[in-house]
Amino acid sequence: MKAIELEKAYNPKDFEDRIYELWMANKCFKPMSDNPNATAEQLKAASYTVVIPPPNVTGVLHMGHGLNNTLQDIVVRYHRMKGDNTLWLTGTDHAGIATQNVVERQLKKEGLSRNDLGREKFLERTWKVKEDHHNIIVKQQKKLGNSTDWDRERFTYDEGLSKAVRDVFVTLYERGLMYKGQRLVNWCPRCGTALADDEVDHEDTNGAMYHLFYEYADGSGKIEVATTRPETFFGDTAVAVNPSDERYKNIVGKMLKLPLTGKEIPIIADDYVDKEFGTGMVKITPAHDPNDWEVGQRHNLEVINLLTPDGRLNENVPEKYRGLKPEEARKLVIQDLTEAGLFKGEEKMVHSVGHCYRCKTVVEPYLSAQWFVKMKPMADKALKAWKDGQIVFYPRKWENTYSHWLENIRDWCVSRQIWWGHRIPAWYCENCGETIVRREDPCECPKCKSKKLKQDPDVLDTWFSSWLWPFSTLGWPEKTPDMEKFFPTSALVTAYDIIFFWVSRMIMASLEFTGQVPFKDIYIHGLVRDKQGRKMSKSLGNGIDPLEMIDLYGADAVKFTLGYLAAQGQDILIDKESFKLGSRFCNKVWNASRYILGNLEGRTLVPVADSDLSELDKWIYACLNKAAKAEREALESYRYNDAASAIYEYFWNDFCDWYVEATKLSFRGEDEAEKDRQVSVLLNVLEESLRLLHPFVPFVTEEIYSKLPLAEIAANRSKAGAQSICLSDDYTGLLIGAKFPVPSAERESKDIVDRFESLKEFVRNIRALRVECGLDPAGKINVAVKVICGSPAEVLKEKVDIISLLAGLKSVEFAESKPAKSIGTVGTGFEAFILVDENVNTQQLAARFNKEIALEESTVQKITAKLGGKFAEHAPAEVVEQEKAKLEQAKNRIEKLKEYLTSL
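To keep things clear, this report deals only with the structure shown in the data block. Here the residue numbering is sequential within each chain, running from 1 through the sequence in written order. With the structure being a predicted model, the display of local features is reserved for residues of pLDDT at least 70 and the display and counting of side-chain atom pairs for 80 or more, all residues being used for whole-chain, interface and lining totals. In computing side-chain values, all of the structure's heavy atoms are included and hydrogens and water are not.

1. Here's the deal with the overall build of the chain
Here is step 1: Counting from the N terminus, the helices are DSSP H or I runs at least four residues long and the strands are E runs at least two residues long. A count of helices and strands for the chain gives 28 helices and 29 strands.
Here is step 2: A principal-axis box enclosing the C-alpha atoms of the chain has dimensions of 110 × 80 × 55 Å.
Here is step 3: Between buried and exposed lies partly exposed: a residue is buried under 20% and exposed over 50% of the maximum accessible area for its type, with that area taken using a 1.4 Å probe on protein chains only. Across the 904 residues in the chain, those meeting the buried criterion constitute 55%.
Here is step 4: Whether two residues are in contact is decided by their heavy atoms, any of which lying within 4.5 Å being enough. In the chain, of all internal contacts separated by at least 6 residues, the share reaching a separation of at least 24 is 76%.
Here is step 5: In the form shown here, the chain has an accessible surface area of approximately 39700 Å², with 49% of it arising from carbon and sulfur atoms.
Here is step 6: A positive count includes Lys and Arg, and a negative count includes Asp and Glu. His and the chain ends are not counted in either. Each charge is placed at NZ for Lys, CZ for Arg, CG for Asp and CD for Glu. Here the chain contributes 122 positively and 135 negatively charged side chains, and the mean placements of these two sets differ by 2 Å. Computed by Shrake-Rupley with a 1.4 Å probe, the accessible areas treat only the displayed protein chains as cover when residues are assessed.

2. Thoughts on the nonpolar core
As a rule of thumb, nonpolar side chains are buried together in soluble globular proteins.
Here is step 1: In terms of nonpolar packing, the biggest core is built from 144 residues, with Y640, Y650, F651, F655, F762 and L796 touching the most fellow members.
Here is step 2: Broken down by element, this core gets its largest block of residues, 15 residues, from helix α20 (residues 640-668).
Here is step 3: Look past the residues within four positions of F651 in its chain and what remains in contact with it is F585, K588, V589, A592, C656, L686, S689 and L693.
Here is step 4: Buried Ala, Val, Leu, Ile, Met, Phe, Trp, Tyr and Cys residues form a nonpolar core when they are joined through side-chain atoms within 4.5 Å. Formed by 72 residues, the second largest nonpolar core is a distinct cluster that contains C356, I424, F487 and L492.

3. Concerning the sheet that holds strand β29 (residues 830-835)
As a general point, the strands of a sheet are linked pairwise by backbone hydrogen bonds and lie either parallel or antiparallel.
Here is step 1: Strand order in this open sheet of four strands is β27-β26-β29-β28, and the pairing throughout is mixed. Every other strand in the sheet has two partners, leaving β27 (809-814) and β28 (822-827) as the edge strands with one partner each. Each neighbouring strand pair of the sheet contributes to a mean axis angle of 25°, computed without reference to strand direction.
Here is step 2: Pairing between strands is defined by DSSP: at least two bridges between them are needed. Both strand β26 (residues 781-787) and β27 contribute to a ladder of five bridges, which runs parallel. Paired with V783 across the two strands is V812, which belongs to β27. Fitted lines through C-alpha atoms give the axes, limited to the stretch in contact for helices. The angle between two N-to-C directions lies from 0 to 180 degrees.

4. So, a negative patch on the surface
Here is step 1: On the surface, D610, D612, E746 and E748 cluster together into a negatively charged patch.
Here is step 2: Along the chain, the position of D610 falls in the loop between α18 (580-598) and α19 (615-636). Residues qualify for a patch when their relative accessible area is over 30% and they have no salt bridge, like charges being joined within 9 Å and the nonpolar side chains of Val, Leu, Ile, Met, Phe, Trp and Tyr within 5 Å. Any Lys or Arg side-chain nitrogen located within 4 Å of an Asp or Glu carboxyl oxygen qualifies as a salt bridge.

5. Digging into helix α16 (residues 546-553)
Here is step 1: Where α16 is concerned, the buried positions are P546, M549, I550 and Y553. What you see down the axis of α16 is that its buried residues fit within an arc of 100°, all on one side.
Here is step 2: Buried positions along α16 lie against α1 (16-25), α3 (63-82), α6 (119-144), α17 (555-565) and α18.
Here is step 3: N or O atoms closer than or at 3.5 Å make up a polar contact, with two conditions inside protein: a donor-capable atom paired with an acceptor-capable one, and, for residues adjacent in sequence, both atoms drawn from side chains. Structurally, the start of α16 carries an N-cap: the backbone nitrogen of L547 is 2.9 Å from a side-chain oxygen of D545.
Here is step 4: Where α16 ends, the next residue or the one after it, G554, has phi of about 100°, a positive value. The directions considered for the arc run from the helix axis to the C-beta atoms.

6. Points about unusual backbone geometry
Here is step 1: Following W476, the chain continues into P477 via a peptide bond in cis, with omega recorded as 15°.
Here is step 2: Along the polypeptide, P477 turns up in the loop between α13 (469-472) and α14 (481-486).
Here is step 3: Omega for the peptide link from F487 to P488 comes to 0°, which places this bond in the cis form.
Here is step 4: The backbone of K27 shows a phi angle near 55°, a positive value even though the residue is not glycine.
Here is step 5: By the secondary structure assignment, K27 is in the loop between α1 and α2 (40-43).
Here is step 6: Of note, the phi angle at Y638 is positive, near 60°, even though the residue is not glycine.
Here is step 7: Mapped onto the secondary structure, Y638 falls in the loop between α19 and α20.
Here is step 8: By relative accessible area, which is 2% here, Y638 ends up buried.

7. Comments concerning the sheet that holds strand β16 (residues 412-413)
Here is step 1: Pairing within the open sheet is antiparallel, and its four strands lie in the order β6-β5-β14-β16. With one partner strand each, in any of the chains shown, β6 (193-195) and β16 form the two edges of the open sheet.
Here is step 2: Pairing geometry for strand β5 (residues 178-188) and β6, over three bridges, is antiparallel. From the neighbouring strand, W187 faces β6, where its bridge partner is A194.

8. Description of α6
Here is step 1: A helix's residues, less one, multiplied by 1.5 Å, set its expected span. An ideal rise of 1.5 Å per residue puts 38 Å on 26 residues; α6 measures up with 37 Å between its terminal C-alpha atoms.
Here is step 2: Positioned one or two residues after α6, G145 has a phi angle of 100°, which is positive.

9. A look at a positive patch on the surface
Here is step 1: Taken together, the side chains of R105, K108, K109, R190 and K538 make up a positively charged region of the molecular surface.
Here is step 2: For K538, the position within the fold is in the loop between β24 (528-529) and α16.

10. With respect to the pairing of strand β23 (residues 521-525)
Here is step 1: By the criterion of burial, β23 is predominantly enclosed, with five of the five residues buried.
Here is step 2: Alignment of strand β15 (residues 392-394) against β23, held across three bridges, turns out to be parallel. For V392, the partnering residue across the bridge sits in β23 and is D521.
Here is step 3: In terms of strand pairing, strand β22 (residues 491-495) meets β23 through five bridges, oriented parallel. Across the sheet, T494 pairs through a bridge with I524, a residue of β23.
Here is step 4: A crossover gets the label right-handed when its path from the first strand over the helix to the second runs clockwise, viewed with the strands pointing away from the viewer. You can see the chain leave β22, run along helix α15 (residues 499-513) and come back into β23, and the turn it takes is right-handed.

11. Brief notes about the pattern of salt bridges
Here is step 1: As enumerated under the stated definition, the model contains 71 salt bridges in all.
Here is step 2: Here R175 and E512 are joined by a salt bridge, their closest N and O atoms 2.8 Å apart. Taken as a pair, R175 in the loop between α7 (159-174) and β5 and E512 in helix α15 lie far apart in primary sequence, 337 residues in all.
Here is step 3: In this structure R175 comes out as partly exposed when scored by relative accessible area, which is 45%.
Here is step 4: The residue E757 makes a salt bridge to K760 at a minimum N-O spacing of 3.1 Å. A residue pair is termed a helical-turn pair when its members lie 3 or 4 positions apart in one helix, as E757 and K760 do in helix α23 (residues 750-773) at three residues.
Here is step 5: Judged by relative accessible area, E757 falls into the partly exposed class, the value being 34%.
Here is step 6: Given the relative accessible area of 6%, K760 is considered buried.
Here is step 7: Through salt bridges with shared partners, a single network forms among K30, D34, D149, D151, R152 and D482.

Given below as C-alpha cells:
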C-alpha cells in the first residue's frame, strides 16, 4: 500500500473547526437511545448524564469556564466511548441581577434609566443582550470542543423552565414552605434589590469603632456605647446589657435620651450582650443589624427603618441628615455629637463588611417585605441523603462545607426588586387584600370575586431557577422520556465557590420535588489562579482568555494542559506558557503517527495473531493495558491529573521513546514479511493508543484516526466504513465508533514487564554514564555487562540488537567480573561497564574528572564552614537538613569521580 502523508507540522487550525462540524453533522453527541435503529440491547445500556453548570449570559467565558467545561468533556467522552447511553446537557443562565446591570449600564451611557423605558421595553432590550452574549458563549464552547447535545440546549428563562419555576413556587406555597414577611434583609442600594445571605461577599475593610455617650433621661449621668455605624443611632430603640452583669442590674428599665433627637429609649437586659466586651452596653438598632433585629423581636421593640431603597437616610432622621449617604451622614453626626459633648473618640480598625456579589456595593441591612423559602425541612432531607451515602463528594473534604452550611441554614430570601427574571406568581386583591398564588393567571379574587388584581412586581432570585436545573432541563414537571432515561443524572462537575449557591440547593430541590437526589457524584474542582496564586480578575489584569490560548496552541493543548494540572482538591496555577505542555504532547502524538503512517509505503498489512507477537510487542501491549486500566480507574473517581499522567507516560515514554524506536530494527532488516508484520502491529497499537488518548485530546486523535487504513487493520477492527473515534462501536448511527480500550488480563505479563524494565534501566544507565563522562552521545562505544543469573536482566543477552540501537553501542561483551580500564554503573540484576579503549580520549576524560572533583571539594568546604558557624544554630531545621544532604551528595560524587580516575 502507499504511505499516508500527514502534514509535516502539527497545525490544529487546519482541522479543529472541520472536525467539530463533522461531529455535529453526524450527531455524534446524541445519546445512543436517540438512534431510531438502536437495538434492544443498546437501549438497556446504562445512562451517564451530566448537566453543565450554565454560564451567565452576561459576558464571555473565562479560563475557569474553560477548566470546568474541559473536565466535563473528558469524562463525558470517556463514558460515550465506553458504551454508556451518554448525555451532556448544555444551556445558559439568565443571571437576573448581573444581566439587568449590563443593560442598565448601557442605558446610563444613553442618559436613560429602566423607568424611562418601562418594564416591557426594558425586557425587550434585555432579551437582545441575552441573545448576543448567548451566541458568543456557544461559539466559545464549540471552539473548546464541548461534546454537548446542542439539540437539548436549555435556558433558565425559557418557556419550559419558566413553567417548572412557577410550579415549584406554588407547590412550596401550598406546602407552607413559601411565605411573605417583613424582615431584615441584605439590601444592595446600587441594584435596588434584596440579596440572599450567600450573595453577600464579606471583605476586610478599614473602619473605626466610635465611642458615644447617651445621657440618662432624668439627668443623673450618662453611659458609653460603641458602634462602627454612628449614623444609625437614630434608629436605636433600646440599649442592652447582660442580665448577669452586676454592674448594671439596678439600671435596667431606666430611660436614656437619644442624642440629637427628642426621643427616649429604655435600657433592657438580654443574653446576647457580651459583658466582657467594651463597656458591656450595646445600642440596639433593630432595622439595621441582624443581631439587633433578633433582640428587638424578643423584646417587642419598635423597628425604625432609616434608609431609602437607594441607600440614603430617610424621613425618620432629623431633617438636616435626610438625603445623605451613610458615609456622608457619619461625618456630620460625629461633628454634631462632638459639639454636644457626646462623642468620646474613635479607634481605627479593620472589620468585615458585606458587599454585593455582583456590583461590589456595600450591602445594608434593610427592613423590607420579601418572599422567603423555609429551608430547614429541606436541609434536613439533604443532610440525610449525604449521611446515607446517596451523594459522594470528590474530594471528600467538601462534605464538611456542605454539612456545615445545611446545619446552620437560614430561610432563603427569593424575591428581587428587578425586572429581568421569573415574575413572582402572586397577585393581591385591591378590594379585600387577599394574596392569590396560582399556577395559572387568576381572573378574579377567590375570596370577594373582585377582578381588581395586581401582580407582585418582583422577580425570583436567579438561583431559584438554577436549583431546578438537573430535572427541569429534562422536562419536569412533565413525565418525559428524558426524565425517565436520564434522571437522576450521574455527576456534577463544578467549582467550590458555588457549593452554597447551587449544589446544596439542587439537592434540596430534587429531594423535595422528585424524591431523589439529582446526581450521585459531585466533583468539586479548584479555581484557576495565576502563578502567584492570585485569583484571575480584570482588576489585576492577570486573566487568560481561553480563546487566545486555543488560537495559539489549539483546543487539544488547552484541554490536555488543564486536565493534566487538575489535581483533586487543589487550585490550578497557570500562565500562558503553561499551555506549551499540552502543545508539546499533541506534537508528539502527531509526529509519532506521521512516522508510522509514512512507513506504510510498499507494505502489506497482515492479520497478527497473539502467537505472531514478539516479546517487544507483548511488552507494549502490557504497557497499553496498564495505561488503560489506570486511566479508567482515575476517571471513574475524577482524578483527572492521574489519568492524564498515565496516558502521557505511556504514549511519550513507553510507546514513542522505547517501542517505536526499538521497532526500527525490523525496518532496517531484509525480511519483508517481518516488515509487514511489524508495521501491522504498529498500526494496531497506534489505533488503540489514539482511542486511549481521545478523551483528553479529541481533535488531533480524530484527525489522525480518520487517516488510518481501518478497513485493513483486520486484527483489531471487525467493522469497516465511515469511522469516528469519539463514539463507542455500540453506537450504530451514521458513523461507526471506536470503543474505549478495555484492560485484559491476557495482556498482563509481569515477567515481560520486569525484563523490559531491566533493559530500559540498562540503556538509561549507559546514557547517564556517557553524560557523566562527557562522551559524544552520537559516538559508538564498547561496553561489557555482568548479568546475575536468573534475573530479569538476562534479557540483555537476548536483546543485544535492541540495547545496541538504543544505547548507541559498538559492541557488547558479557563478562563475569569488572574489566580493566572501565567505568561502571550498577542496575537491578546487572553491572555495566564502558570500556576505556581507543573510542575514549582518556586524557580529556581525566582532566574532566579532576576539574569536577575540584568543584565538588570547593562545595564541601563551603557547606562544612557554613554548618560549623551560626547558620546551624539560627536557620530552620529543614534548611539545615537540606544543607547536610547537599554535603553528603558532594562527598559521594567526589568518591565516585575518584573511582573513575582509578579505572582510567
